[in-house]
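Given next are the chains, with one letter for each unit.
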Amino acid sequence: QVQLVESGGGLVQAGGSLRLSCAASGRTFTFSNYAMGWFRQAPGKEREFVASISGSGGRTYDADSVKGRFTISRDNAKNTVYLQMNSLKPEDTAVYHCAAGLILPRTLSPLAYWGQGTQVTVSP
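Structural notes, computed from the coordinates.

1. Comments concerning the pairing of strand S10 (residues 107-114)
- Examined bridge by bridge, strand S9 (residues 94-103) and S10 share four bridges and lie antiparallel to one another. Across the sheet, residue Ala100 finds its bridge partner in S10, namely Tyr113.
- Linking two consecutive strands that pair antiparallel, namely S9 and S10, is a turn of three residues.

Below, the structure written as structure tokens:
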């Protein structure tokens, strides 16, 4: 069984920053073997890809809507993936989920693992 636990969400004013973390655990789970990603879903909207990163961390991909503002990274020694979010906008408000097991750049594999999500709210 694999667990993904997100943290770091909250309420921030437009223009502010947040750093999300996603800690992965599992008895037979080798973190560095998995491409990781962040997705978000706002009320009444479909799930949206945000960013992804390869298992080694050498390749990253961003959605056009966050390019230049958000940065995905990972620390394989800590089994953790991060999403640094700068210059936040009200339209970034959503529940942010991390996922393990992507087919890069942005497709969830049928066997992907999914976290419970963390709320990010950006006020005008």
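Don't stop here, the text continues.
2. Regarding the nonpolar core
- One finds Trp38, Leu83, Met85 and Tyr96 to be the most contacted residues of the largest nonpolar core, which totals 34 residues.
- Taken together, the elements giving at least two residues each to this core come down to strand S3 (18-25), strand S4 (36-41), strand S5 (48-53), strand S7 (70-75), strand S8 (80-85), S9 and strand S11 (118-123).
- Ranked by the residues each element gives to this core, the list is headed by S9, at six residues.
- What Tyr96 contacts, discounting residues up to four positions off in sequence, is Glu6, Leu20, Trp38, Phe39, Arg40, Val50, Phe70, Leu83, Met85, Gly117, Thr118 and Val120.

3. Quick word on the pattern of salt bridges
- Under the counting rule described, the total for this entry stands at three salt bridges.
- For Arg40, the salt bridge is made with Asp92, and the minimal N-O distance between the two is 2.9 Å. Placement of the pair is Arg40 in strand S4 and Asp92 in the loop between S8 and S9, with a sequence separation of 52 residues. Each member of the pair, Arg40 as well as Asp92, carries the same accessibility label: buried.
- When salt bridges with common partners are traced through the structure, they connect Arg40, Glu48, Arg69 and Asp92 into a single cluster.

Criteria and thresholds
- Residues numbered from 1 in each chain as written.
- Predicted model: local features only at pLDDT ≥ 70, side-chain atom pairs only at ≥ 80, totals over all residues.
- Heavy atoms only, no water.
- Pairing = 2+ DSSP bridges.
- Helix = DSSP H or I, 4+ residues; strand = E, 2+ residues; numbered from the N terminus.
- Core = buried A, V, L, I, M, F, W, Y, C linked by side-chain atoms within 4.5 Å.
- Buried < 20%, exposed > 50% of the residue type's maximum accessible area, 1.4 Å probe, protein only.
- Contact = heavy atoms within 4.5 Å.
- Salt bridge = Lys/Arg side-chain N within 4 Å of Asp/Glu carboxyl O.

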